[in-house]
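Fold and geometry: a report
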Amino acid sequence: MEASGYAQTLCDVMEEPVHLVSFYLNDPKQIVRFTDDGWMEVNTGDDAWVRVRAAFRYVTQKPWNRLPIASKTLIINPVLSCLAGGRNKLMAAKAYEIFNAEVEEMNLQIHTPETIRDVRKAEIPLWVERFGGNAVVKVPYGNAGQGVYTITNQGELDEFMAEDASYDQYIVQSLIGNYNWSSKTSAGQFYHVGTIANKKNQIYVADLRMMISAGTGGWEPLIIYGRKSHKPLVRNLQECPYSSWDMLGTNLSIKKDDGWDTDTTRLCLMDRRDFNQLGIGIDDLCEAYIQTVLSAIAIDKMACRLYDDDLERFNVELFSSMNNDPHLLEEILVAPNQSASAALAALAEAAATSSSS
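The notes below deal with the structure included here.

What counts and what doesn't
- Residues numbered from 1 in each chain as written.
- Predicted model: local features only at pLDDT ≥ 70, side-chain atom pairs only at ≥ 80, totals over all residues.
- Heavy atoms only, no water.
- Helix = DSSP H or I, 4+ residues; strand = E, 2+ residues; numbered from the N terminus.
- Rg over C-alpha atoms; globule rule 2.2 N^0.38 Å.
- Buried < 20%, exposed > 50% of the residue type's maximum accessible area, 1.4 Å probe, protein only.
- Contact = heavy atoms within 4.5 Å.
- Areas by Shrake-Rupley, 256 points an atom, 1.4 Å probe, with all protein chains shown as cover.
- Lys, Arg positive; Asp, Glu negative; His and termini not counted.
- Charge placed at Lys NZ, Arg CZ, Asp CG, Glu CD.
- Core = buried A, V, L, I, M, F, W, Y, C linked by side-chain atoms within 4.5 Å.
- Salt bridge = Lys/Arg side-chain N within 4 Å of Asp/Glu carboxyl O.
- Pairing = 2+ DSSP bridges.
- Axes fitted to C-alpha atoms, helices over the stretch in contact; angles between N-to-C directions.
- Patch = residues over 30% accessible without salt bridge, like charges linked within 9 Å, V, L, I, M, F, W, Y side chains within 5 Å.
- Parallel < 35°, antiparallel > 145°, perpendicular 65-115°, else oblique.
- Nonpolar A, V, L, I, M, F, W, Y, C, P; charged D, E, K, R; others polar.

**What about the overall build of the chain?**
- Counting its regular elements, the chain contains 10 helices and 18 strands.
- Compactness check: the chain gives a C-alpha radius of gyration of 22 Å against a globular reference of 21 Å for 357 residues, within 12% of the reference.
- Dimensions of the chain along its principal axes, counting C-alpha atoms only, are 65 × 55 × 50 Å.
- Here the chain, with 357 residues, has 38% of them falling under the buried criterion.
- Contacts in the chain between residues at least 24 apart in sequence constitute 56% of all its contacts with a sequence separation of at least 6.
- Approximately 20,800 Å² of the chain is accessible, and the part contributed by carbon and sulfur atoms is 51%.
- Each charge sign in the chain was given a centre, from 32 positive and 47 negative side chains, and these centres are 6 Å apart.

Given below as structure tokens:
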């Protein structure tokens, strides 16, 4: 629904046809393709291919394995921004750390849980123990709640360790839970205040999401909404009848047999009465705006660092050094029909040839 709304709006504003197409990985019915010289084309039916001069990307899951970083077609919401932190939690953590060092003198900071980066799967139990047995483990390249694991007991850790690993890198973060069972960090112990208690004296974990826009006049807020967890917080984990994710995960996506759906019953819109359950004030809204703007700037700066202006290409050497995950590098398309790992191999071969001559 959201993607079709964007398409219809673009059609109305531009006063020309706009193609709304799906783009699944390994789709047997190919609808989108890229020419060798970098142009995107879409199949409008009966094998009639139309060249696209500009595209608004709404592919959210691993867009880098279908959309090349470099193309003749202008892609709004470029893949580079995803790799720099928009869809890459590992690079986002590094972008925030670098940016925090830059703005420290201004008394500004992007607030994040304590984060351990570049973790191999075998190391994860050690870091969970370091956080006092409670931690959050993330596959860095997922979104919509996928690849996020809350660990509060040995059973949840064993279940995670038994899963097949698709990537070589993880991040481990401190877990923020109830006052009685949050991670122990170097900065102390943090916990959820939660929503305003209901008639059963239950509180829920909730988050606040703010969408922002940048223009010639600077940044401005667009939309604010909140999301609640599925189950209420408990004081004692040993007496909890459900999983830790049920009371800590706020993502609204629901996995079904035939795809994904959204649980809108846990969505708190600002123009509805249930938004008051979040218990937030003006200070919280100002802080949310500042944190969102700082995070966007940090990722934008990282994206700029990952693009070599002199060579006019993606700096695959720098990226692979900062995010050394062979499985991810195999997925990334730096250009049509060329993966990041292949680009690295070509650069290494060129350097070897140059040094030998």
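**Side note on the nonpolar core**
- By size, the foremost hydrophobic cluster in this structure holds 56 residues, and its most contacted members are I124, F314, F319 and I332.
- When residues of this core are assigned to their parent elements, the largest contribution, six residues, is made by helix α3 (residues 89–103).
- By size, the runner-up hydrophobic cluster in this structure holds 11 residues, among which are V136, V148, W181 and V205.

**Overview of the pattern of salt bridges**
- For the coordinates displayed, the defined rule picks out 12 salt bridges.
- In this structure, R33 and E41 form a salt bridge, with 2.7 Å as the shortest nitrogen-oxygen distance.
- Taking the relative accessible area as the measure of exposure, R33 reaches 30% and is therefore partly exposed.
- In this structure, a network of salt bridges that share partners links the residues E102, K301 and R305.

**Things to note about the sheet that holds strand β6 (residues 115–119)**
- Strand order in the open sheet formed by four strands is β6-β9-β7-β8, with antiparallel pairing between adjacent strands. The open sheet is flanked by β6 and β8 (148–151), the only strands paired with a single partner. When strand polarity is set aside, the average angle formed by the axes of neighbouring strands in this sheet is 20°.
- Strand direction decides the pairing type here: strand β7 (residues 135–138) and strand β9 (residues 170–174), joined by four bridges, are antiparallel. The partner of V137 across the bridge, within β9, is V172.
- Contacts from α3 reach β6, β7 and β9, with the element oriented near 130° to β6.
- Sitting on the sheet, helix α5 (residues 154–162) touches β7, β8 and β9, and the angle it makes with β8 is about 150°.

**A look at a nonpolar patch on the surface**
- On the surface, a cluster of nonpolar side chains totalling about 790 Å² of accessible area is made up of Y6, L10, V13, M14, V18, F56, Y58, L74 and I76.
- In terms of residue count, helix α1 (residues 2–14) provides more of the nonpolar patch than any other element does, four residues in total.
- Position of L74 relative to the elements: it lies in strand β5 (residues 74–76).

**Section: the environment of R117**
- Checked against the element boundaries, R117 lands in strand β6.
- Judged by relative accessible area, R117 falls into the partly exposed class, the value being 29%.
- For the pair R117 and K62, spaced 55 residues apart in sequence, the C-alpha to C-alpha distance is 20 Å.
- For R117, the residues in contact, after removing those within four places along its chain, are L90, A93, K94, E97, Y170 and I171.

**Description of the pairing of strand β10 (residues 206–215)**
- Inspection of the sheet shows β10 paired to strand β11 (residues 218–228) by 10 bridges, in the antiparallel sense. Directly across from A214, in β11, lies its bridge partner W219.
- Turn length for the β10-β11 hairpin, with the two strands adjacent in sequence and antiparallel, is two residues.

**What about the packing of α3 against helix α7 (residues 282–305)?**
- The contact between α3 and α7 brings their axes to 9 Å, and the two run at 105°. In terms of axis orientation, α3 runs roughly perpendicular to α7. On α7, the residues that touch M91, K94, A95, Y96, I98, F99 and E102 of α3 are L294, S295, I297, A298, I299, K301, M302 and R305.
- The residue inventory of the contact of α3 with α7, partitioned by class, reads 10 nonpolar, one polar and four charged.

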